[in-house]
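Each chain, written out:
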Amino acid sequence: MSRRFQVLAANAREAAESLRRARLRTVLGLVGVMIGISSVIAMISLGEIAKEQARKQFEALGTDILVVRQTAAGRAAGIALADALQLEAAVPSIAEAAPRIMGHGAFRFAGRRVGQGPVQGVTRSFASVNKLTLQEGRFVSDLDTGRYWCVIGAEIAEKMREAGADRLPGQVVEVDEVLFTVVGVLDRRTENHALPIQVNADESVFVPITTSQRLVPDSGIEVIVARSRAGVPYETPVEDIRSWFRKQAPDVGLDIITAKQLIAQMEAQMGIFTLLLGAVGSISLIVGGIGIMNIMLVSVAERRAEIAIRRALGARQRDIRSQFLIESVILTVTGGLLGILLGLAATWTICRFTGWEFLISGLSVASGLGTAAAVGLFFGFQPAHQASRLDPIAGLQGK
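Overview of the structure. Computed from a predicted structure; not experimentally measured.

1. A word on the overall build of the protein
Turning to step 1, where the next piece is worked out: Helix and strand content of the protein: 12 helices and 10 strands.
Turning to step 2, where the next piece is worked out: Sorting the 399 residues of the protein into buried and exposed places 46% on the buried side.
Turning to step 3, where the next piece is worked out: Taking the intrachain contacts of the protein between residues at least 6 apart in sequence as the baseline, contacts between residues at least 24 apart amount to 80%.
Turning to step 4, where the next piece is worked out: With an accessible surface of roughly 19,300 Å², the protein has 59% of that area assigned to carbon and sulfur atoms.

If you want it as structure tokens, here you go:
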């Protein structure tokens, strides 16, 4: 065992010296591996960071959320407004329920177009369930039944100010030729794409849900966003909602998505995304590995006399093979370490410009080191095997 270790140590010293002598080839090989490893590190790290950002966005909204939709098998009219409005009071495991009717329209103020986007019929609970905050005024109230009052998003508010509006509450906005009085203005809101519904608050006009039925005739409830009570297992409100709707509207099929399902779906999607990014980055690593193999083949061709002398002095085939494999691994692992630093630096730069929180992914670092060693062994084996099979006599004769 001691002799074997001594041989490996001697081969490692010889490999390092060979790399030092061929500085140009060594630098070219390092650059190829470094770029490949840094690509893999950056891609995997960004995938992990994106997953963490999506999780934080979701958790900021709350893990007690449920989304209720009608399935395709349900009746054409959809969920009835009366049933949706009674849900919060009828199901004890539900703390809040916010139904929504979705329409679309053009918005005008003082004869000028100030936007075009969703017209959302909602109740008082919609703001608290979706964590919407007000810049001015108030949100839609349950007392606003049938009233032509509205709450506008930040984008529409900005365009109204450009059109000359000072204090926005009290102003009149035309929504598809119907006049609404503004009672509230929402703060800007970053859209949470982790959810299966999008609020698009900045470009929307929110009106009382009973009023929206006049704008969007024959419309049922598009979605109900609800929150379960604290301490209630996530399965309980699902069963309670299904049970209640079976009594109220047996022919309506429901699709109820819980926070646990949303997180599982998000993690599965982001996992696939991370693998895809890693696969894309691996392409450049394969190119770098091919470059390493070419460099090692050139090295074998140039050192035929050296290999022949070592064989003539008693070196075995496995000793020659070991030397060239060690040389290849040293080259790729060194390039891998530099690539890890470059990849982390690139990830930090991207995070700084995107506003994401920088995280060092242990998976990416471990995969970078492991991949570098694997590339060295894989692409270094053929040159090492070729060197070990060199005929000493042919090598000394320069053939």
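2. As for the packing of aromatic side chains
Centre distance and the angle of the planes are the two values used to describe a pair of aromatic rings.
Turning to step 1, where the next piece is worked out: Counted according to the given criterion, the structure contains four aromatic pairs.
Turning to step 2, where the next piece is worked out: An angle of 85° between the planes, with centres 5.2 Å apart, marks the rings of W244 and F245 as edge-to-face. Comparing W244 with F245, the two get one shared label, buried.
Turning to step 3, where the next piece is worked out: Within the aromatic cluster, the residues linked to one another by ring pairs are F126, F139 and F206.

3. Looking at the pairing of strand β8 (residues 205–208)
Turning to step 1, where the next piece is worked out: One ladder, built from four bridges, connects strand β3 (residues 112–122) with β8; its direction is parallel. Looking across to β8, one finds that Q120 is bridged to F206.
Turning to step 2, where the next piece is worked out: By the bridge criterion, two bridges tie strand β5 (residues 149–152) to β8 in an arrangement that is antiparallel. Counted as the bridge partner of I152 is V205 from β8.

4. Focus on unusual backbone geometry
Turning to step 1, where the next piece is worked out: Residue K131 is not a glycine yet carries a positive backbone phi of 55°.
Turning to step 2, where the next piece is worked out: Its place among the elements puts K131 in the loop between α4 (125–129) and β4 (134–137).

5. Details of the environment of Q213
Turning to step 1, where the next piece is worked out: Within the secondary structure layout, Q213 lies in helix α6 (residues 209–215).
Turning to step 2, where the next piece is worked out: Residue classification places Q213 among the partly exposed positions, given a relative accessible area of 32%.

6. Describing the side chain of T123
Turning to step 1, where the next piece is worked out: Structurally, T123 can be placed in the loop between β3 and α4.
Turning to step 2, where the next piece is worked out: Relative accessible area serves as the criterion here: at 8%, T123 is assigned to the buried category.
Turning to step 3, where the next piece is worked out: Discounting residues that sit within four places of it in the chain, T123 has contacts with L85, A97, A98, P99, F139, V140, D142 and I209.

7. Describing the packing of helix α3 (residues 81–90) against helix α7 (residues 235–248)
Helix-helix packing is characterised by the crossing angle of the two axes and by the distance between the axes.
Turning to step 1, where the next piece is worked out: The N-to-C vectors of α3 and α7 enclose an angle of 135°; their axes lie 11 Å apart at closest approach. Relative to α7, the element α3 is oriented oblique. Where α3 crosses over α7, the two elements pack in a sense that is right-handed. Contacts between α3 and α7 pair D83, Q86, L87 and A90 from the former with I241, W244, F245 and Q248 from the latter.
Turning to step 2, where the next piece is worked out: Grouping the amino acids of the contact of α3 with α7 by side-chain chemistry returns five nonpolar, two polar and one charged.

8. Considering the environment of E96
Turning to step 1, where the next piece is worked out: Residue placement: E96 occurs in strand β2 (residues 94–109).
Turning to step 2, where the next piece is worked out: According to the relative accessible area criterion, E96 is buried, its value standing at 19%.
Turning to step 3, where the next piece is worked out: Between the alpha carbons of E96 and R124 there is a distance of 10.0 Å; along the sequence they are 28 residues apart.
Turning to step 4, where the next piece is worked out: Those residues in contact with E96, other than ones at most four positions away along the chain, are E88, R124, S125, S128, V129, V225, A226 and R227.

9. Concerning a nonpolar patch on the surface
Turning to step 1, where the next piece is worked out: Taken together, the side chains of V27, V31 and I35 make up a nonpolar region of the molecular surface, amounting to roughly 230 Å² of accessible area.
Turning to step 2, where the next piece is worked out: On the secondary structure map, V27 appears in helix α2 (residues 23–61).
Turning to step 3, where the next piece is worked out: You can call V27 partly exposed: its relative accessible area is 46%.

Rules behind the numbers
- Residues numbered from 1 in each chain as written.
- Predicted model: local features only at pLDDT ≥ 70, side-chain atom pairs only at ≥ 80, totals over all residues.
- Heavy atoms only, no water.
- Helix = DSSP H or I, 4+ residues; strand = E, 2+ residues; numbered from the N terminus.
- Buried < 20%, exposed > 50% of the residue type's maximum accessible area, 1.4 Å probe, protein only.
- Contact = heavy atoms within 4.5 Å.
- Areas by Shrake-Rupley, 256 points an atom, 1.4 Å probe, with all protein chains shown as cover.
- Phe/Tyr/Trp six-rings, centres within 6.5 Å; stacked < 30°, edge-to-face > 60°.
- Pairing = 2+ DSSP bridges.
- Axes fitted to C-alpha atoms, helices over the stretch in contact; angles between N-to-C directions.
- Parallel < 35°, antiparallel > 145°, perpendicular 65-115°, else oblique.
- Left-handed = near helix turned anticlockwise from the far one by under 90°.
- Nonpolar A, V, L, I, M, F, W, Y, C, P; charged D, E, K, R; others polar.
- Patch = residues over 30% accessible without salt bridge, like charges linked within 9 Å, V, L, I, M, F, W, Y side chains within 5 Å.
- Salt bridge = Lys/Arg side-chain N within 4 Å of Asp/Glu carboxyl O.

Shape is all these values report; function is a separate question.
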